[in-house]
Amino acid sequence: MLRRPPRPTRRQATLTVALALLANLPLLRAAWLHFGATEAELDATLPGDDLVEHANLVATRAVTIDAPPEEVWRWVVQIGADRGGFYSYDALENLVGCKVRSADEVDERWQHLEPGDRVHLHPTLWLEVAEATVNRALVLHGDGTQPDAPMSGFTWAFVLHRGQRGRTRLVIRERYSYRSGWDGLVIEPLAAVSFVMTEKMMRGIRSRAQAAAAVK
């Protein structure tokens, strides 16, 4: 009579799962840093890259939107905690005091940005507009001078490429420069959280832009 193998203990099961996650961490990391992006997009030089030349960590994510760049831009340009929000998980952002409410309509008050303007991520934390080329690119920059900034430099770029049949390819890139090697202990988990929020943001922009384009 065959004996039934012993059932693993909770500790053994937990250790097995932990080892499996550790073994697959490089693949998981690449997935959350490069979500939706093509090899060409990962290799491309984008607006704002020169502001953080020697980045320790780069995340490039992308989505195709069935709407022209002119429509997509209207949603991108109004991002900000004190503007149209981030089209992501407002409840999670508000847990850390962001005071965000993502807009479901284009608001003309938020349709203009120029270099030097501030876009708030939080009431006490902001990025400065480095570039705002209409229908093409919005680049936000932090130079690490704000109190408690965990990095010496950061850029957040939204780049719109016109595609076929009236579509837009939206590429979002983050570039992080560390003050020291220890900064990676903070920024690596931050990049994983950023993936969750950015994936929802891309879907939020896509759904809003497509709905707006459909009624025109």
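Residues numbered from 1 in each chain as written. Predicted model: local features only at pLDDT ≥ 70, side-chain atom pairs only at ≥ 80, totals over all residues. Heavy atoms only, no water.

> What is the right way to look at the side chain of Glu174 in this model?
Following the sequence through the fold, Glu174 ends up in strand S6 (residues 168-177). A distance of 2.6 Å separates a polar atom in the side chain of Glu174 from a polar atom in the side chain of Tyr176. Those residues within four positions of Glu174 in sequence are excluded, and the remaining contacts are Leu57, Val58, Ala59, Arg61, Phe154, Thr155, Trp156, Ser194 and Thr198. (Helix = DSSP H or I, 4+ residues; strand = E, 2+ residues; numbered from the N terminus. Polar contact = N/O pair within 3.5 Å; in protein donor to acceptor, adjacent residues only side chain to side chain. Contact = heavy atoms within 4.5 Å.)

> What am I meant to see in the confidence of the model for the chain here?
One rule of thumb: low pLDDT means the predicted coordinates there are not for detailed reading. With 82% of its residues at a pLDDT of 70 or more, the chain has an overall mean of 85. Ranking the helices and strands of the chain by mean pLDDT puts helix H4 (residues 69-76) first, with 98, and helix H1 (residues 10-23) last, with 43. Note on residues 12-26: pLDDT under 50 across the span, and two contacts to partners over four residues away in sequence or across chains. (pLDDT = per-residue confidence, 0-100.)

> Can you help me understand the pattern of salt bridges in this one?
Note that side chains of opposite charge can pair when their charged atoms are close. Taken as a whole and judged by the stated rule, the model has nine salt bridges. With a shortest N-O distance of 2.7 Å, Glu41 and Arg169 are connected by a salt bridge. With Glu41 in helix H3 (residues 39-43) and Arg169 in strand S6, this residue pair connects regions lying 128 residues apart in the sequence. Residue classification places Glu41 among the buried positions, given a relative accessible area of 12%. Judged by its relative accessible area of 19%, Arg169 falls in the buried class. Taking the shortest distance from any N to any O, the salt bridge between Arg173 and Asp49 comes out at 2.7 Å. With a gap of 124 residues between them, Arg173 in strand S6 and Asp49 in the loop between H3 and strand S1 (57-65) connect regions that are remote in the sequence. (Salt bridge = Lys/Arg side-chain N within 4 Å of Asp/Glu carboxyl O. Buried < 20%, exposed > 50% of the residue type's maximum accessible area, 1.4 Å probe, protein only.)

> Just to check I follow, could you spell out unusual backbone geometry for this structure?
What is expected of a backbone is that most residues other than glycine have negative phi and most peptide bonds are trans. Although it is not a glycine, Tyr87 adopts a positive phi angle of roughly 55 degrees. Counting through the fold element by element, Tyr87 comes out in the loop between H4 and helix H5 (90-95). Looking at Tyr87, the relative accessible area reads 1%, which means it is buried.

> Is there a simple way to explain the environment of Arg136 in this structure?
The residue Arg136 is located in the loop between strand S3 (125-133) and strand S4 (137-142) in this model. By relative accessible area, which is 32% here, Arg136 ends up partly exposed. In this structure the C-alpha to C-alpha distance between Arg136 and Phe158, which are 22 residues apart in sequence, comes to 8.3 Å. If we skip the residues at most four places from it in the chain, Arg136 touches Pro47, Trp73, Phe158, Val159, Leu160 and His161.

> Where do I start with the pairing of S3 in this structure?
On a regular strand, one side chain projects to one face of the sheet and the next to the other, so that they alternate. As paired strands, strand S2 (residues 118-122) and S3 are joined by four bridges and run antiparallel to one another. When the bridges of S3 are listed, Arg118 appears paired with Glu128. Two successive antiparallel strands, S2 and S3, enclose a turn made up of two residues. Inspection of the sheet shows S3 paired to S4 by five bridges, in the antiparallel sense. Paired with Thr133 across the bridge in S4 is Ala137. Between the end of S3 and the start of S4, which pair antiparallel, lie three residues, with Asn135 showing a positive phi angle near 65 degrees. (Pairing = 2+ DSSP bridges.)

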